[in-house]
Amino acid sequence: MAAYPEKFEGFQSPSAENWTDFQKNAWTPRPFGDYDVDIKIEACGVCASDKHTIEGDWGACPYPLAVGHEVVGKVLKVGPKVTLVKEGERVGVGAQVYSCLECRQCKNDNETYCAQQIDAYGAPYLDTGFTTQGGYSSHTRIHEYWVYPIPENLSSANTAPMLCAGITVYSPLKRLGAGPGKKVGIVGIGGLGHYGVIFAKAMGAEVWAISRSRAKEEDAKKMGADGFLATGEKGWTEGHKMTFDIIINTANSFQGFELGEYLSLLDVHGKWNSVGLPGGEGISVRNQDFLANGCYIGSSHLGSRREMLEMLDLVSAKGIESWVEEIPISKEGLQKAMEKLDKSSVRYRSCMVGYDEAFGA
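Residues numbered from 1 in each chain as written. Predicted model: local features only at pLDDT ≥ 70, side-chain atom pairs only at ≥ 80, totals over all residues. Heavy atoms only, no water.

Draft legend 1. Spotlight on the packing of helix H3 (residues 165–175) against helix H7 (residues 305–318). Contact pair H3 / H7: the axes reach a minimum separation of 10 Å and the direction vectors enclose 100°. The orientation of H3 with respect to H7, classified from their angle, is roughly perpendicular. Where H3 abuts H7, its residues Gly166, Ile167, Tyr170, Ser171, Lys174 and Arg175 lie against Glu307, Met308, Glu310, Met311 and Leu314. Per-class residue counts for the contact of H3 with H7 are five nonpolar, two polar and four charged. (Axes fitted to C-alpha atoms, helices over the stretch in contact; angles between N-to-C directions. Helix = DSSP H or I, 4+ residues; strand = E, 2+ residues; numbered from the N terminus. Parallel < 35°, antiparallel > 145°, perpendicular 65-115°, else oblique. Contact = heavy atoms within 4.5 Å. Nonpolar A, V, L, I, M, F, W, Y, C, P; charged D, E, K, R; others polar.)

Draft legend 2. Structural view of the sheet that holds strand S12 (residues 227–230). With respect to topology, six strands assemble into an open sheet ordered S12-S11-S10-S13-S14-S15, the strand pairing being parallel. Pairing within the sheet leaves two strands with one partner each, and these edge strands are S12 and strand S15 (296–299). Neighbour to neighbour, the strand axes of the sheet diverge by 20° on average, direction disregarded. Where strand S13 (residues 244–249) meets strand S14 (residues 266–274), five bridges bridge the pair, whose relative direction is parallel. Paired with Asn249 across the strands is Ser274, a residue of S14. (Pairing = 2+ DSSP bridges.)

Draft legend 3. Quick look at the side chain of Ser300. For Ser300, the location among the structural elements is in the loop between S15 and H7. For Ser300, a relative accessible area of 16% puts it in the buried group. One polar contact links Ser300 to Asn273, side chain to side chain, over a distance of 3.3 Å. Residues contacting Ser300, with those up to four places away along its chain left out, are Tyr113, Thr168, Pro172, Asn273, Ser274 and Val275. (Buried < 20%, exposed > 50% of the residue type's maximum accessible area, 1.4 Å probe, protein only. Polar contact = N/O pair within 3.5 Å; in protein donor to acceptor, adjacent residues only side chain to side chain.)

Draft legend 4. Structural view of the packing of aromatic side chains. This model, assessed by the stated rule, comprises eleven aromatic pairs. Between Phe11 and Phe359 the ring centres are 5.6 Å apart and the planes differ by 55°, which places this aromatic pair in the tilted class. Remark: Phe359 occurs in helix H9 (residues 355–359) and Phe11 occurs in strand S1 (residues 8–12); sequence separation between them is 348 residues. No difference in accessibility class separates Phe11 from Phe359, as the two residues are buried. Cluster of aromatic residues (ring-pair linked, three or more members): Trp236, Phe257, Tyr262 and Trp272. Directly above the ring of Phe32 sits Lys77, whose terminal nitrogen or CZ lies 4.2 Å from the centroid. A cation over a ring is seen here: Arg305 above Tyr145, with NZ or CZ 5.6 Å from the ring centre. (Phe/Tyr/Trp six-rings, centres within 6.5 Å; stacked < 30°, edge-to-face > 60°. Lys NZ or Arg CZ within 6 Å of the ring centre and 35° of its normal.)

Draft legend 5. Geometry of helix H4 (residues 191–202). Taking 1.5 Å of rise per residue, twelve residues should cover 16 Å, and H4 covers 17 Å from first to last C-alpha, within 8% of that figure. For H4, a buried count of eleven out of twelve residues is recorded, marking the element as mostly surrounded by other parts of the structure. Those residues of H4 lying buried are Gly191, Leu192, Gly193, His194, Tyr195, Gly196, Val197, Ile198, Phe199, Ala200 and Ala202. Of the residues one or two after H4, Gly204 is the one with positive phi, at around 100°. (Expected span 1.5 Å × (residues − 1).)

Draft legend 6. The arrangement of the environment of Ser274 in detail. Examined against the element boundaries, Ser274 turns out to sit in strand S14. Assessed through its relative accessible area of 15%, Ser274 is described here as buried. C-alpha separation for the pair Ser274 and Ile297, spaced 23 residues apart in sequence, amounts to 7.9 Å. Residues contacting Ser274, with those up to four places away along its chain left out, are Asn249, Gly298, Ser299 and Ser300. Only 3.0 Å separates the side chain of Ser274 from the side chain of Asn249, close enough to count as a polar contact.

Draft legend 7. Inspection of H3 at higher detail. Burial runs high along H3: nine of the eleven residues are buried. Turning to H3, its buried residues number three or more, namely Ala165, Gly166, Ile167, Thr168, Val169, Tyr170, Ser171, Pro172 and Leu173. Packing partners of the buried residues in H3 comprise strand S10 (183–187), H4, S13, S14, H7 and strand S17 (349–353). Note on H3: the residue one or two positions beyond its end, Gly177, has a positive phi of about 90°.

See the structure below:
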């Protein structure tokens, strides 16, 4: 068994004013429970949620805080009642680390909607007095239900970003029926959207990428898109109105966003699902925008354990590859990753690696 730490280390953001001044700190983890799993982290994807949280875009958060919620690593220790993973196994952890597992939602594979759900970072953990810390850290301690075995044929850096970005689009695609005979639109070709295109195609749907310009058209086609719509072009909806069954919106900005134009693409009772979480005031919704086709608008949150395991099986079976840029974890590495997010220059997901060098083997 690997050397077992008394304290966990991580790169924490100190304040909203100096949110990129990542400091390497140590802390004592919460008490180890019967169902807990301790993981030595080896990779962690970088999500826009990380940036929004520590820069204060979504409101106050408890500093100092290590973010990161797309974790892959090796199991160091399991509690006496753990049955879902084994010591030495490579596993993943996503953006949620607890739910009650007893309520109506939890018992119907909707545990991400549990009223008692706890986020991977910045959240009080039950009544322990401890605040959850994320994956820009040496180790993490997680309830077994939220720990997922990673298929052997998948690399850690390829898989880590799927544990939030991937499941965030896989779940609505699955629940809304993406598959053969369905026409699916993916709005925004970024960290979330590139998985939307890849997964919808892998599920057998006809897939159209929808972006402001044609700058990412070639990439979208390589990901599997059957077609491409550029919303900055005049008359961009012509020929496609009332033809889409599902549209997944992953856009990271609502500036100049004309919701009615997008909704006009949907067939009768078609589904619009927004999973992007940009800051700001959001978008204006008018009842008139969805009267013509009776479409439905909504959102979804992450995905259940069952869906996570299904997604990993699909990725393993079809050899699906993320478009991922690996960055060694360090203060400078995290600053680089955040700058790429800010400039929307990452293609299409960053993943922090090199944890042994940063924290020791």
